[in-house]
Amino acid sequence: MSNTAQQRRTGRIARHRRVRKKIHGTAARPRLAVFRSNKHLSLQLIDDDAGRTLVSASTTESTLRGEGGGATVAAAGRLGKALADRAKAAGVTQVVFDRGGFLYHGRIAAAAAAAREAGLEF
């Protein structure tokens, strides 16, 4: 890993730790955690009290891979809607958003907006 890439990764991890000091998911209001890689996006609803994932969705899933690549804003929108549908099926309507140290822009913002439109409350 190059020095620049290492510095970016270290900075993101530091931002994520800073955000996680303030955010905590419960069973009633789980944490919506976002992870973005160069090729894919992953969303999870996490109950931090029990230490378990309630619902997850990723662009690596065969059902969500269909139209286009996983590294697009359109794919993030489809993913946010899919996660919201799964969350409602699991009985979750309110979440706490954890951007994971990533800038709230592009794919991250698109996934959050699609989840909101599909019925999740942030």
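Now for a quick tour of the structure. (Residues numbered from 1 in each chain as written. Predicted model: local features only at pLDDT ≥ 70, side-chain atom pairs only at ≥ 80, totals over all residues. Heavy atoms only, no water.)

All right, on to the pairing of strand β3 (residues 52–58) then. Bridge count between strand β2 (residues 41–47) and β3: 6 bridges; the pairing is antiparallel. Looking at the pairing, glutamine 44 lines up with serine 56 of β3. (Pairing = 2+ DSSP bridges. Helix = DSSP H or I, 4+ residues; strand = E, 2+ residues; numbered from the N terminus.)

Before going further, it helps to examine the sheet that holds β2. With mixed pairing, 4 strands are arranged side by side in an open sheet as β3-β2-β1-β4. Pairing within the sheet leaves two strands with one partner each, and these edge strands are β3 and β4 (96–98). On average, each strand axis in the sheet is tilted by 20 degrees relative to the strand beside it, whichever way the strands run. Note: strand β1 (residues 31–36) against β4, 3 bridges, orientation parallel. Paired with leucine 32 across the bridge in β4 is phenylalanine 97. Docked against the sheet, helix α2 (residues 73–89) engages β1, β2 and β3, running at close to 145 degrees with respect to β3. (Axes fitted to C-alpha atoms, helices over the stretch in contact; angles between N-to-C directions. Contact = heavy atoms within 4.5 Å.)

Functional significance is not addressed by these values, which are geometric in nature.
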